[in-house]
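# Results of the structural survey
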Amino acid sequence: MIKSNKAKKTFLGLSALLFSASLWAHGGAAGTDTDQCKFELEKDHWLHYTAYEPGSFPSEEFCASIPKLDEKILLVFDYQDQRYRGHAVEFEVTKEPEGTRVFFLPAAKHKSGTVELVLPNGVKEAGKYLIHISLVPDKGEKLDAHMSFSAGGGAATAKTTYALYALGIFGAFFMGYLSSAGFKRKVDETVAKIIS
């Protein structure tokens, strides 16, 4: 009986960790950050980027792959560093490898720390695009950063969708465990065998 209770607590603890919000978060400790949707404009000074296609995917966020063509695209940049709020920053989107300009926002200071670029008709052609971000200081040299994305590849199922499916399956399993004495007994016996 003691082993069975210990097994239940272990199982519930591991399940709680699996669905912990902090485990699925973007960031991480210094040197271990896995957020691929950000630009390093200067060493250790970052801008975060998220793309949206609100017409077809109102609640989805994109980064390296934007699914649809000829549809409004919203590119949102968040300054993760206060220092850029006082500097002029320029934004440009080009079709690669040709380098054809698709969008341009002249250098301006964005005091709020968030910049929204609206491409009302999205992009026309499938393929690779490059986002150019340029820091234009009052004095000194212009600094450039680039990040690519592809467009027109269709929508992939997001990781969050898979997590929701897993959570639903786990919830159904757990409800069965709590509501059926026979099912609970079989699960407890199986867990006890595995542990011993």
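Rules and cut-offs
Residues numbered from 1 in each chain as written. Predicted model: local features only at pLDDT ≥ 70, side-chain atom pairs only at ≥ 80, totals over all residues. Heavy atoms only, no water. Pairing = 2+ DSSP bridges. Helix = DSSP H or I, 4+ residues; strand = E, 2+ residues; numbered from the N terminus. Salt bridge = Lys/Arg side-chain N within 4 Å of Asp/Glu carboxyl O. Buried < 20%, exposed > 50% of the residue type's maximum accessible area, 1.4 Å probe, protein only. Phe/Tyr/Trp six-rings, centres within 6.5 Å; stacked < 30°, edge-to-face > 60°. Core = buried A, V, L, I, M, F, W, Y, C linked by side-chain atoms within 4.5 Å. Lys, Arg positive; Asp, Glu negative; His and termini not counted. Polar contact = N/O pair within 3.5 Å; in protein donor to acceptor, adjacent residues only side chain to side chain. Contact = heavy atoms within 4.5 Å.

### Notes on the sheet that holds strand 9 (residues 127–136)
Backbone-to-backbone hydrogen bonds join strands into a sheet, with any given pair of strands oriented parallel or antiparallel. Taken together, 5 strands build an open sheet; the order of strands is 4-10-9-6-7 and the sheet is mixed. The sheet terminates laterally at strand 4 (65–66) and strand 7 (100–109), the two strands that pair on one side only.

### Section: the pattern of salt bridges
Evaluated as defined, the whole model comprises 4 salt bridges. The shortest N-O distance in the salt bridge between Arg 101 and Glu 92 comes to 2.8 Å. Given the relative accessible area of 48%, Arg 101 is considered partly exposed.

### So, the packing of aromatic side chains
Considering all chains together, one arrives at 7 aromatic pairs under this definition. An angle of 40° between the planes, with centres 4.8 Å apart, marks the rings of Phe 77 and Phe 91 as tilted. Residue Phe 77 is found in strand 5 (residues 73–79), and its partner Phe 91 is found in strand 6 (residues 88–95); the two are separated by 14 residues along the sequence. Judged by its relative accessible area of 0%, Phe 77 is buried.

### Section: the nonpolar core
Judged by nonpolar contacts, the single largest core of 31 residues is most densely connected at Phe 39, Tyr 49, Leu 75, Phe 77, Ile 131 and Ile 133. The set of elements that each furnish at least two residues to this core consists of strand 1 (38–42), strand 2 (45–53), strand 3 (57–62), strand 5, strand 6, strand 8 (114–119), strand 9 and strand 10 (143–151).

### With respect to the side chain of Glu 53
Along the chain, the position of Glu 53 falls in strand 2. Of the side chains with opposite charge, Lys 68 lies nearest to the buried Glu 53, which makes no salt bridge, at 7.0 Å. For Glu 53, the side chain forms a polar contact with the main-chain nitrogen of Lys 68, separated by 3.0 Å. What Glu 53 contacts, discounting residues up to four positions off in sequence, is Pro 58, Phe 62, Ile 66, Pro 67, Lys 68, Glu 71, Lys 72 and Ile 73.

### Examining the environment of Pro 137
Along the polypeptide, Pro 137 turns up in the loop between strand 9 and strand 10. Sequence separation of Pro 137 and Ala 88 is 49 residues, and the distance between their C-alpha atoms is 6.3 Å.

### Notes on unusual backbone geometry
Note that the residue after Glu 96, namely Pro 97, is joined by a cis bond; omega there is 10°. Topologically, Pro 97 is positioned in the loop between strand 6 and strand 7. Positioned with a positive phi, Asp 44 is a non-glycine residue whose angle comes to about 65°. Here the phi dihedral of Asp 70 falls at roughly 55°; this positive angle occurs in a residue that is not glycine. Along the chain, the position of Asp 70 falls in the loop between strand 4 and strand 5.

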